[in-house]
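Coordinate analysis (summary)
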Amino acid sequence: MIKFSHNTESHLLKQMAFCFITFYRIYLQYIMLIKIYPENPNPKAIEQVVEVLRKGGLIIYPTDTVYGMGCDITNHKAIEAICRIRNIKPEKANFSFICYDLSHISDYIKPIDNATFRVLKKALPGPFTFIFNANHNVPKLLSSNKKTVGIRVPDNDIAREIVKQLGNPILSTSIKDDDEIIEYSTDPELIHEKYEDLVDLVIDGGYGENIPSTVVDCTGGDFEVIREGKGELEMYL
């Protein structure tokens, strides 16, 4: 039987602890940064993301424009967590609802006319956020007296498949960069490094863009572009 001196034994224990911590950090990085290909999203990977959302977790995910931070719209604690990260109050936040398609938008917005709906059908999925008058369901979800809601159907199969499997929209806000020149973060690995202690999972869906969605205000009955972005609304009017 081999006997070690006290110093040697202590050294070995420290080495073992160091190895364990190193491997654990690599393991955490592996499970928190997940690669999903936008052309053909892996169903098992999508299930993993949805499970995180159902447990009240926060995710960072790709869209057809910039990367977004999202959570299940039915989870109040998750919404509060995003508000804390963004340092904003829910009633002051301009969050968007990421939807799979237009089939359930009536659950969150007041009735719209046929002309407006036809434009939405042509423009979505696409790089637009349409602002509508919110119905009575939105204040309940956001625990605020929010009168409007942004509806987004991104042309990105990762985001849409997540929402489809979840069964309801995800609440979302864009990932911004601290850089004075580059407004939005585009590299998923750098995004992971920055947010790994704040969110539960980051999806690597390839490099994001640095141009956000075009925001269109529909609350007055017309289409008013209030932020120029990637989408060109004139093509669909």
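Values in this document were obtained by computation on a predicted structure and should not be read as measured data.

1. A few points about unusual backbone geometry
Residues L124 and P125 are joined by a peptide bond in cis, for which omega reads 0 degrees. Along the polypeptide, P125 turns up in the loop between α4 (114-123) and β5 (128-133). One non-glycine residue, N87, adopts positive backbone phi at about 55 degrees. Along the chain, the position of N87 falls in the loop between α3 (76-86) and β4 (96-98).

2. What about the confidence of the model for the protein chain?
Should pLDDT be low for a region, the predicted coordinates there are not to be read in detail. Here the protein chain averages 87 in pLDDT, while 84% of its residues score no lower than 70. In the model, residues 22-31 has pLDDT below 50 throughout and makes three contacts with residues more than four positions away in sequence or in other chains.

3. Re helix α6 (residues 157-166)
Among the residues making up α6, those that are buried are I158, A159, R160, I162, V163 and L166. Capping the start of α6, N156 holds a side-chain oxygen 2.9 Å from the backbone nitrogen of I158, two or three residues further along. At the exit of α6 stands G167, carrying a positive phi of roughly 95 degrees.

4. A word on the sheet that holds strand β7 (residues 170-174)
Pairing is mixed across the open sheet formed by 10 strands, whose spatial order is β1-β8-β2-β3-β7-β4-β6-β5-β9-β10. Taken across any chain shown, the strands that pair with only one partner, and hence form the sheet edges, are β1 (33-35) and β10 (224-227). Each adjacent strand pair in this sheet contributes to an overall mean axis angle of 35 degrees, direction not counted. Two elements, strand β2 (residues 59-61) and strand β8 (residues 201-204), share two bridges in a ladder whose sense is parallel.

5. Description of the nonpolar core
Counting residues in each nonpolar core, the largest one holds 43 residues, and the members touching the most others are I60, F97, F130, I151 and L171. Those elements giving two or more residues to this core turn out to be β3 (68-72), α3, α4, β5, α5 (137-142), β6 (148-152) and α7 (188-195). Considering each element in turn, this core owes the most residues, five residues, to α3. Beyond its immediate sequence surroundings of up to four residues, I60 is in contact with Y67, G68, M69, I175, I191, Y195, V199, L201, V202 and I203. Counting 19 residues, the second largest nonpolar core, distinct from the first, contains A45, I59, I98 and I158.

6. Examining the side chain of S172
Inspection of the secondary structure assignment puts S172 in strand β7. Judged by relative accessible area, which is 7%, S172 ranks as buried. Polar side-chain contacts of S172 include one of 2.5 Å to the side chain of Y61. Contacts of S172, omitting those with residues within four sequence positions, involve Y61, G68, M69, G70, F95, S96 and I98.

7. A look at α4
Among the residues of α4, T116, V119, L120 and A123 are the ones counted as buried. All buried residues of α4 fall inside an arc of 100 degrees around its axis, so they share one side. For α4, the exposed residues set more than 90 degrees away from the buried face come down to N114, R118, K121 and K122. A distance of 3.3 Å separates the backbone nitrogen of A115 from a side-chain oxygen at the start of α4, and that oxygen is part of D113.

8. Quick word on the pattern of salt bridges
Enumeration over the complete set of coordinates arrives at three salt bridges. Residue R152 pairs with D64 through a salt bridge whose shortest N-O separation is 2.7 Å. With R152 in strand β6 and D64 in the loop between β2 and β3, the pair connects residues that are 88 residues apart, well separated along the chain. For the pair formed by R152 and D64, the shared burial category is buried. The residue E209 makes a salt bridge to K230 at a minimum N-O spacing of 2.7 Å. Of this pair, E209 sits in the loop between β8 and β9 (214-217) while K230 sits in the segment after β10, and the two are 21 residues apart along the sequence. Judged by relative accessible area, K230 falls into the partly exposed class, the value being 34%.

Rules of the game
- Residues numbered from 1 in each chain as written.
- Predicted model: local features only at pLDDT ≥ 70, side-chain atom pairs only at ≥ 80, totals over all residues.
- Heavy atoms only, no water.
- Helix = DSSP H or I, 4+ residues; strand = E, 2+ residues; numbered from the N terminus.
- pLDDT = per-residue confidence, 0-100.
- Contact = heavy atoms within 4.5 Å.
- Buried < 20%, exposed > 50% of the residue type's maximum accessible area, 1.4 Å probe, protein only.
- Polar contact = N/O pair within 3.5 Å; in protein donor to acceptor, adjacent residues only side chain to side chain.
- Pairing = 2+ DSSP bridges.
- Axes fitted to C-alpha atoms, helices over the stretch in contact; angles between N-to-C directions.
- Core = buried A, V, L, I, M, F, W, Y, C linked by side-chain atoms within 4.5 Å.
- Arc of directions from axis to C-beta.
- Salt bridge = Lys/Arg side-chain N within 4 Å of Asp/Glu carboxyl O.

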